[in-house]
Amino acid sequence: MSAVPVREGEGAGAPRSPREGEAGPDVAVFIYGGGKVGRGLARAIRAAGLPVTLRAARDGLPTERIDADLVIVAVRDRDIAPCAAALRARGLVGHRDVAVVHCAGALGPEALAAVRGGRVAVAQMHPMISFASPSFAPALGRGHLLVDGDTRAVLVARSLGERLGMTPRAFPDLDRVAYHAAAGLVANGAAALAAAGVDLLERAGVDRTTAAAMLGPLLRTVADNVEALGVPEALTGPVRRGDAAGVARHLETLRRLAPHLVPLYVAAGATQLPLARALDEAPSAAFDAIQRVLDGT
Ligand SMILES: NC(=O)c1ccc[n+]([C@@H]2O[C@H](COP(=O)([O-])OP(=O)(O)OC[C@H]3O[C@@H](n4cnc5c(N)ncnc54)[C@H](OP(=O)(O)O)[C@@H]3O)[C@@H](O)[C@H]2O)c1
């Protein structure tokens with residue numbers, strides 16, 4: 001199958017070049033990889049009014065040169081370097097100025113080294129956004145986009161991010177693996193916590209679909225609190241209030257209804273304690289009592 005223009009009537013052909021530092025309307029985008037990120041970005045870019053062509057990796061690289069200002073390599077991390085090598089070897093880019101970026105959080109622009117040089121500038125362009133399904137595009141607005149690499153590619157990627165309502169970010173000497181571990185801990189840890197919450201709500205008497213529907217908005221308020229208030233201020237609940245009896249009641253019920261969730265509850269409680277102590281809304285003795293409850297003493 002050939003490349004599929006996402007926006008009808010607009011391919012990636014003959015676009016003008018973006019002007020420096022500008023969220024110009026004329027950045028033509030080619031996305032290679034039709035997974036969760038590829039499709040999510042394609043939808044957002046199309047909604048922003050930019051021409052975008054999406055090609056699934058299972059269809060292979062195109063046979064004709066790619067005419068785009070920005071090529072987004074949205075394949076799995078281990079496939080990025082081979083993809084860059086193939087783009088170069090087959091002469092699919094380099095005939096015009098182009099930025100080639102990948103979306104991995106843990107890899108820098110060097111993952112695209114094989115295609116870099118001449119008219120090809122490369123960059124890392126990592127959206128700190130959770131894309132969970134190719135058929136459900138998350139909102140990108142207010143999200144952050146880590147961009148690092150060659151100046152020209154960085155300018156193109158930053159302008160795209162701004163066009164999508166995102167804040168481009170750059171950090172000198174960033175430990176990318178730690179950065180990516182933090183993003184994964186929060187996004188995937190939250191999804192796993194939600195799964196535990198659905199499990200517990202079911203045991204409490206709420207059906208599974210309703211449980212997920214109720215927990216989503218709860219998580220959204222947590223997200224809003226983290227964004228608006230920061231931490232530790234986003235913490236709520238019995239640990240913050242120094243309510244050792246409340247924590248003990250939770251644990252008793254969990255031991256009865258869902259013993260497999262007790263270690264998770266204890267670990268989450270232990271992680272909350274230093275935050276609650278920092279907030280200082282209860283006597284220190286109350287937090288010591290919570291620690292003893294969590295320790296099971
Ligand atoms: N998911 C996130 O939340 C997220 C967030 C930020 C950055 N990223 C980064 O974005 C990049 C792409 O991640 P992704 O989440 O979009 O990965 P993904 O959904 O697994 O898709 C990536 C590639 O894997 C292929 N693929 C998916 N399922 C397949 C299957 N069953 N058999 C064969 N191939 C299959 C897709 O092929 P087709 O193209 O043929 O469909 C696609 O090219 C990665 O570098 C990742 O680190 C991900």
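This one's a predicted model, so the numbers in the text were calculated from it and none came from an experiment.

(A) Representation of the overall build of the chain. Secondary structure summary: the chain contains 9 helices and 8 strands in total. Counting only C-alpha atoms, the chain reaches 70 × 40 × 30 Å along its principal axes. Looking at the chain residue by residue over its 297 residues, the buried ones come to 40%. At a minimum sequence separation of 6, the contacts of the chain that also span at least 24 residues come to 65%. Accessible surface, the chain: about 15,300 Å² in total, of which carbon and sulfur atoms supply 56%. The centroid of the 33 positive side-chain charges in the chain is displaced by 4 Å from the centroid of its 30 negative side-chain charges.

(B) Main features of the pattern of salt bridges. Inspection of the entire model under this criterion finds 11 salt bridges. Between R116 and D150 there is a salt bridge whose closest N-O contact spans 2.3 Å. Note that R116 is positioned in the loop between β5 (98-102) and β6 (120-127) and D150 in the loop between β7 (144-149) and α3 (151-163), a separation of 34 residues in sequence. Judged by its relative accessible area of 16%, D150 falls in the buried class. One salt-bridge network, held together by shared partners, links D67, D69 and R96.

(C) Quick look at the packing of helix α7 (residues 244-257) against helix α9 (residues 284-295). Interhelical geometry of α7 versus α9 gives an angle of 15 degrees and a closest axis separation of 9 Å. The angle between the axes of α7 and α9 places the two elements in the roughly parallel class. Relative to α9, α7 is oriented so that their crossing is right-handed. Contacts between α7 and α9 involve A244, V247, A248 and L251 from the former and A286, A289, I290, V293 and L294 from the latter. Residue composition of the contact of α7 with α9, grouped by class: 9 nonpolar, no polar and no charged.

(D) Quick look at the pairing of strand β3 (residues 52-55). Residues V52 and L54 line one face of β3 and the alternating positions T53 and R55 line the opposite face, and both faces are buried. When strand β2 (residues 29-32) meets β3, the two strands line up parallel, connected through 4 bridges. When the bridges of β3 are listed, Y32 appears paired with R55. Where the polypeptide runs from β2 across helix α1 (residues 36-47) and back to β3, its parallel neighbour, the crossover connection is right-handed.

(E) Spotlight on the nonpolar core. In this structure, I31, L41, I45, L70, I72 and M125 are the most contacted members of the largest nonpolar core, which totals 31 residues. Among the secondary structure elements, those contributing two or more residues to this core are β2, α1, β3, β4 (70-73), β5, β6, β7 and α3. Among the elements that line this core, the one with the most residues is α3, at 5 residues. Not counting the four nearest positions on each side in its chain, L70 is found in contact with V27, A28, V29, F30, V98, A99, V101, V156 and L160. In terms of nonpolar packing, the next biggest core, distinct from the first, is built from 23 residues, F30, Y32, A104 and L112 among them.

(F) A look at the domain arrangement of the chain. Its domain assignment divides the chain into domain 1 (4-169) and domain 2 (176-295). Just the C-alpha atoms count here: the centres of domain 1 and domain 2 sit 37 Å apart. Opposite the 12 residues of domain 1 that make contact, domain 2 presents 8 residues. Counting the surface domain 1 buries against domain 2, the share from its top three residues, A106, M128 and R142, is 50%. On inspection of domain 1 and its partner domain 2, the count reaches 3 salt bridges. Among the salt bridges present, the one from E227 reaches R142, with a minimum N-O distance of 2.6 Å.

Rules behind the numbers
Residues numbered from 1 in each chain as written. Predicted model: local features only at pLDDT ≥ 70, side-chain atom pairs only at ≥ 80, totals over all residues. Heavy atoms only, no water. Helix = DSSP H or I, 4+ residues; strand = E, 2+ residues; numbered from the N terminus. Buried < 20%, exposed > 50% of the residue type's maximum accessible area, 1.4 Å probe, protein only. Contact = heavy atoms within 4.5 Å. Areas by Shrake-Rupley, 256 points an atom, 1.4 Å probe, with all protein chains shown as cover. Lys, Arg positive; Asp, Glu negative; His and termini not counted. Charge placed at Lys NZ, Arg CZ, Asp CG, Glu CD. Salt bridge = Lys/Arg side-chain N within 4 Å of Asp/Glu carboxyl O. Axes fitted to C-alpha atoms, helices over the stretch in contact; angles between N-to-C directions. Parallel < 35°, antiparallel > 145°, perpendicular 65-115°, else oblique. Left-handed = near helix turned anticlockwise from the far one by under 90°. Nonpolar A, V, L, I, M, F, W, Y, C, P; charged D, E, K, R; others polar. Pairing = 2+ DSSP bridges. Right-handed = clockwise from strand over helix to strand, strands pointing away. Core = buried A, V, L, I, M, F, W, Y, C linked by side-chain atoms within 4.5 Å. Domains from an automatic or database assignment. Buried area = accessible area lost by both parts, 1.4 Å probe.

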